[in-house]
Amino acid sequence: MTSEQRKEYSAKLVASRKGNHPNTNIPGKPRGLTHAQWTAVKEEAKRDAKRIIAKMKDAGQLPDDPRAVEALEKAVTTLRASQSPKDVAALGRLILDFTKPKPAQKIDHTVRTAEDILDEMAADE
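These lines cover the structure that appears in this document, whether it is placed above or below. (Residues numbered from 1 in each chain as written. Predicted model: local features only at pLDDT ≥ 70, side-chain atom pairs only at ≥ 80, totals over all residues. Heavy atoms only, no water.)

## Let's talk about the packing of helix α2 (residues 35-59) against helix α3 (residues 66-81)
Phase 1 of the analysis: Running from N to C, α2 and α3 cross one another at 130 degrees; their axes reach a closest spacing of 8 Å. Judged on the interaxial angle alone, α3 and α2 are oblique. The two elements α2 and α3 cross, and the hand of that crossing is right-handed. On α3, the residues that touch Trp 38, Val 41, Ala 45, Lys 46, Asp 48, Ala 49, Lys 50, Ile 52, Ile 53 and Met 56 of α2 are Leu 72, Glu 73, Val 76, Thr 77, Arg 80 and Ala 81.
Phase 2 of the analysis: Looking at the contact of α2 with α3 residue by residue, the class counts come to 10 nonpolar, 1 polar and 5 charged. (Axes fitted to C-alpha atoms, helices over the stretch in contact; angles between N-to-C directions. Helix = DSSP H or I, 4+ residues; strand = E, 2+ residues; numbered from the N terminus. Parallel < 35°, antiparallel > 145°, perpendicular 65-115°, else oblique. Left-handed = near helix turned anticlockwise from the far one by under 90°. Contact = heavy atoms within 4.5 Å. Nonpolar A, V, L, I, M, F, W, Y, C, P; charged D, E, K, R; others polar.)

Dropping the structure here:
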């Protein structure tokens with residue numbers, strides 16, 4: 001091969017590998033996945049998120065604000081695609097905080113009147 005042919009061949013190889021190498025730095029992409037694999041994981045996560053949001057909508061668990069629904073859908077998508085246990089825990093807590101009501105504390109107050117207290121004291125004697 002001549003030097004020009006080697007340069008063309010090298011450029012062709014670099015172009016074919018560009019963005020499809022496991023060590024390509026894409027924010028949020030786990031190491032070891034190629035760009036094509038990461039795209040497939042994200043698409044699957046988007047489909048899951050749409051299905052989950054539809055179920056939440058049917059159950060009436062979505063907030064009224066469309067921006068909040070969009071943010072919730074993004075959180076669910078990121079949760080489904082994430083490999084980090086730290087991210088999964090944080091996003092799971094975030095989603096539950098905004099979709100499920102927190103349990104109310106039940107406080108049982110008995111209000112006694114003065115007459116009730118005097119009746120109890122009279123009964124003891």
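## As for the pattern of salt bridges
Phase 1 of the analysis: Under the defined criterion, the tally for this structure stands at 6 salt bridges.
Phase 2 of the analysis: Here Lys 46 makes a salt bridge to Glu 43, at a shortest N to O gap of 4.0 Å. Here Lys 46 pairs with Glu 43, and both are found in helix α2, just 3 residues apart, close to one helical turn.
Phase 3 of the analysis: Arg 67 is paired through a salt bridge with Asp 65; the nearest N and O atoms lie 3.3 Å apart.
Phase 4 of the analysis: When its relative accessible area of 64% is taken as the criterion, Arg 67 is described as exposed.
Phase 5 of the analysis: Counted as one network, the salt bridges with shared partners bring together Asp 48, Arg 51 and Arg 80. (Salt bridge = Lys/Arg side-chain N within 4 Å of Asp/Glu carboxyl O. Buried < 20%, exposed > 50% of the residue type's maximum accessible area, 1.4 Å probe, protein only.)

## Details of the side chain of Thr 99
Phase 1 of the analysis: Inspection of the secondary structure assignment puts Thr 99 in helix α4 (residues 85-99).
Phase 2 of the analysis: Polar contacts involving the side chain of Thr 99 include one to the main-chain carbonyl oxygen of Ile 95, which spans 2.7 Å. (Polar contact = N/O pair within 3.5 Å; in protein donor to acceptor, adjacent residues only side chain to side chain.)

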